[in-house]
2 protein chains.
Amino acid sequence: MNRQHWSAARVTVGSKDDPTTVGEFARSCDVVTFDHELVTPEVLQALTDSGVPFYPSASAVVFAQDKLLMRRALTDLGIPCPTWRHITSQTDAQDFAEVVGYPFILKTSRGGYDGRGVWTIEGPEQLAEVLAQPLPANGEWLAEAMIAFTRELSAQVARSPGNQCVAYPVVQTTQRNGICAEVISPAPDLDPRRAEQAQEIALRIARELDVVGMLAVELFDTGTELLVNELAMRPHNSGHWSIEGAVTSQFENHLRAILDLPLGTPRAIAPWSVMGNILGADVGDLYSAYKHVFARDPGLHVHLYGKEVKPGRKVGHVTAVGSDLSDLRNRVNHATGYFSGDINE
Amino acid sequence: MNRQHWSAARVTVGSKDDPTTVGEFARSCDVVTFDHELVTPEVLQALTDSGVPFYPSASAVVFAQDKLLMRRALTDLGIPCPTWRHITSQTDAQDFAEVVGYPFILKTSRGGYDGRGVWTIEGPEQLAEVLAQPLPANGEWLAEAMIAFTRELSAQVARSPGNQCVAYPVVQTTQRNGICAEVISPAPDLDPRRAEQAQEIALRIARELDVVGMLAVELFDTGTELLVNELAMRPHNSGHWSIEGAVTSQFENHLRAILDLPLGTPRAIAPWSVMGNILGADVGDLYSAYKHVFARDPGLHVHLYGKEVKPGRKVGHVTAVGSDLSDLRNRVNHATGYFSGDINE
């Protein structure tokens, strides 16, 4: 049997939201995993019914799908979160505003992504307006205190079904307009005890929520404490640096974990890695930028995803690995700016 | 247009030796390349007729397909080769034996691979026996002096249509039973002037033969000089270390070259890389070895090709990258030995 030909030939084309299609596909697999968390409850049920192991499991992935369930679970575990409240009425929201003050954050518990489904509420009028909007399927309103963070961090771990875990270096993430723009690994000037604390939080969440595969824990660093912002149960944008910057990439460790194989070392191969996202601009032709970017910097790692280019959409990323952080940041920022059309030389 | 879906969906299934199939496939492409040199003259003609650029071109790849044409071309260019002779009769061969003495090497000019099509001729009786065998299509007999080399080297370069070239570190290759077993990058204790000479030879061949893409020049190091053994015009086994061990892998630079994009830096990311081939053993189940190999050494890079396992066939490779050469060699040799069944713990 030629496995290589066999794996390329076996492709199921259909809707990822159709339980029958996904269930049939699952029955042809040894193990199933997801590349995102937008898996409907009906599809999760079809996967459960198929009897084929899938990771993260339905009972774990729900905490990455539903921010309200996530906040409840983490609070029960004693893991530090921003002050939060389930909002079921205008009165709930006004009570919360009185406790934490304006501005605060209002979120839908489900369906948000890259800044969508999140509002900064500046006053009562805006609050009423946002609450008047329809909720996504199975969604609830969740209010959270606005955190005056000094920076955002991400702690990634991989966990296998037998509870073997590895923790990646803790990275610093910088968002622009709610979308991750730059990741630096490891987070500069992070106290080693604080880094260890971030890794402990991620390891504890992975174990307690029985996550199998990659888990990313996005954290607010307030300068005095770490608070959990969000969870992702898959290879995550904050770990793309690991493709070239770590001995074992997050993608390989995700697959090793779901296949119940011993995990690879997450150690960095160089002092610094910098990753920058390429956001779609008005000009849709990314390919023509290749020549200039490659010619200017033959040491960059450029990844374009082949997605349709829309303004603000993540359509690729660039990574540089080395020992001079300032040089790496300049090079990555130039390339992402050039691809996005902000820089023309 | 969703390019990602489009590229996955567009697969042509057919024989690589059928000129019509390959010609039609080519007409659906922007550029075509090969993963091996066993492309028939009829298929090369169909590619030429398609009008689509393909690399290496028909006029270049013939020097990697036909060892007699290669020897003639290199000798014309003044590039050092073992003493050689085109053999058209028993008398030619006897004359050659008188000049260089027994043992010498007899080869078919075409169709050899991994030690096939090559004989060490110990005396007149064996010579007659081998010459009585049928030649492959378009093949000729080629005799070469047996070289008392101290080791074998490989010099890899990438070259673009516009003649941009990059040279990888020169590596040491060790063959067992005519098959590459281990590659060390860079070649240990190689005089920097000798390394530069090897790179110059490879760059000169790439330019003179108009090779586009990757070129590997396999060399005999006699201790006093370098002699060209063979050429490969594609990503080559001696460059697999570059997947994890170089800033830009041979595969990426092959694609950059044929796409006429600026080449990436071939620099190593660490002092040493060691690559070992996994040869198929009598036991066909490689997957069961994963657990032990991964658990014992979480820093190894293991590649299995999904090929049917046959004794002696290259079915995968293992790479380790770091600063302690002896440690890297031990780790790689353990893993390849364990996969092949020679080591059981």
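Residues numbered from 1 in each chain as written. Chains lettered and ligands numbered in written order. Predicted model: local features only at pLDDT ≥ 70, side-chain atom pairs only at ≥ 80, totals over all residues.

1. With respect to the overall build of chain A
- Looking only at helices and strands, one finds 12 helices and 15 strands in chain A.
- Against the 2.2 N^0.38 benchmark of 20 Å for 345 residues, chain A shows a C-alpha radius of gyration of 21 Å, consistent with a compact globule.
- By its C-alpha atoms, chain A is 60 × 50 × 45 Å across when sized along the principal axes.
- Expressed as a percentage of its 345 residues, the buried residues of chain A come to 40%.
- For chain A, long-range pairs separated by at least 24 residues make up 64% of all intrachain contacts whose partners lie at least 6 apart in sequence. (Helix = DSSP H or I, 4+ residues; strand = E, 2+ residues; numbered from the N terminus. Rg over C-alpha atoms; globule rule 2.2 N^0.38 Å. Buried ≥ 20, exposed ≤ 12 C-beta atoms within 10 Å, placed from the backbone. Contact = placed C-beta atoms within 7 Å.)

2. Observations regarding the sheet that holds strand 4 (residues 104-108) of chain A
Residues and elements named next belong to chain A.
- The strand order 3-6-4-5 describes an open sheet built from 4 strands, whose pairing is antiparallel. Here the strands that pair on one side only, and so sit at the sheet edges, are strand 3 (84-87) and strand 5 (118-121). Strand-to-strand twist across the sheet, computed as the mean angle between neighbouring axes with direction ignored, equals 25 degrees.
- Direction of pairing for strand 3 relative to strand 6 (residues 141-145): antiparallel, over a ladder of 4 bridges. By the bridge assignment, I87 is partnered in strand 6 with W141.
- Contacts from helix 7 (residues 124-131) reach strand 4, strand 5 and strand 6 within the one sheet, and its direction differs from that of strand 5 by about 155 degrees. (Pairing = 2+ DSSP bridges. Axes fitted to C-alpha atoms, helices over the stretch in contact; angles between N-to-C directions.)

3. Brief notes about helix 3 (residues 41-50) of chain A
- When we look at burial in helix 3 of chain A, the residues that qualify are V43, L44, A46 and L47 of chain A. All buried residues of helix 3 of chain A lie within an arc of 160 degrees about the axis, which places them on one face of the element. (Arc of directions from axis to C-beta.)

4. Some words on the sheet that holds strand 6 (residues 141-145) of chain B
All names here are of chain B.
- Judged by pairing direction, the sheet is antiparallel, and its 4 strands sit side by side in the order 3-6-4-5 without closing on themselves. Two strands lie at the open edges of the sheet, namely strand 3 (84-87) and strand 5 (118-121), each paired on one side alone. This sheet shows a mean twist of 25 degrees between the axes of neighbouring strands, independent of strand direction.
- Two strands pair when backbone bridges link them, and strand 4 (residues 104-108) and strand 6 are joined in this way by 5 bridges, in the antiparallel orientation. Each residue of the ladder has a partner; that of I105, found in strand 6, is E144.
- Packing of helix 5 (residues 67-76) onto the sheet brings it into contact with strand 3, strand 4 and strand 6, and relative to strand 6 it is tilted by some 50 degrees.
- Sheet contacts for helix 6 (residues 90-100): strand 3, strand 4 and strand 6; angle to strand 3, the most-contacted strand, approximately 165 degrees.

5. Considering the domain arrangement of chain A
Residues and elements named next belong to chain A.
- Here the domain parsing of chain A yields domain 1 (3-54), domain 2 (83-145) and domain 3 (151-340).
- Between the C-alpha centres of domain 1 and domain 3 there is a distance of 27 Å.
- Facing 6 residues of domain 1, the contacting portion of domain 3 comprises 5 residues.
- By residue class, the composition of the side of domain 1 that touches domain 3 is 2 nonpolar, 2 polar and 2 charged. (Domains from an automatic or database assignment. Nonpolar A, V, L, I, M, F, W, Y, C, P; charged D, E, K, R; others polar.)

6. Some remarks on the packing of helix 2 (residues 19-27) of chain B against helix 3 (residues 41-50) of chain B
Residue and element names in this part refer to chain B.
- At their nearest, the axes of helix 2 and helix 3 sit 8 Å apart, and the two run at 30 degrees to each other. Classed by the angle they form, the pair helix 2 and helix 3 counts as roughly parallel. As helix 2 runs across helix 3, the sense of the crossing is right-handed. Note on element contacts: helix 3 touches helix 2 through E42, V43, Q45, A46, L47, D49 and S50, opposite P19, V22, G23, A26 and R27.
- Here the contact of helix 2 with helix 3 is composed, by residue class, of 6 nonpolar, 3 polar and 3 charged. (Parallel < 35°, antiparallel > 145°, perpendicular 65-115°, else oblique. Left-handed = near helix turned anticlockwise from the far one by under 90°.)

7. So, the environment of L68 of chain A
All names here are of chain A.
- Here L68 lies in helix 5 (residues 67-76).
- Here the alpha-carbon distance between L68 and Y290, two residues 222 residues apart in the chain, equals 43 Å.
- Once residues lying within four places of it in the same chain are set aside, the contact partners of L68 are H86, S109, E140 and L142.

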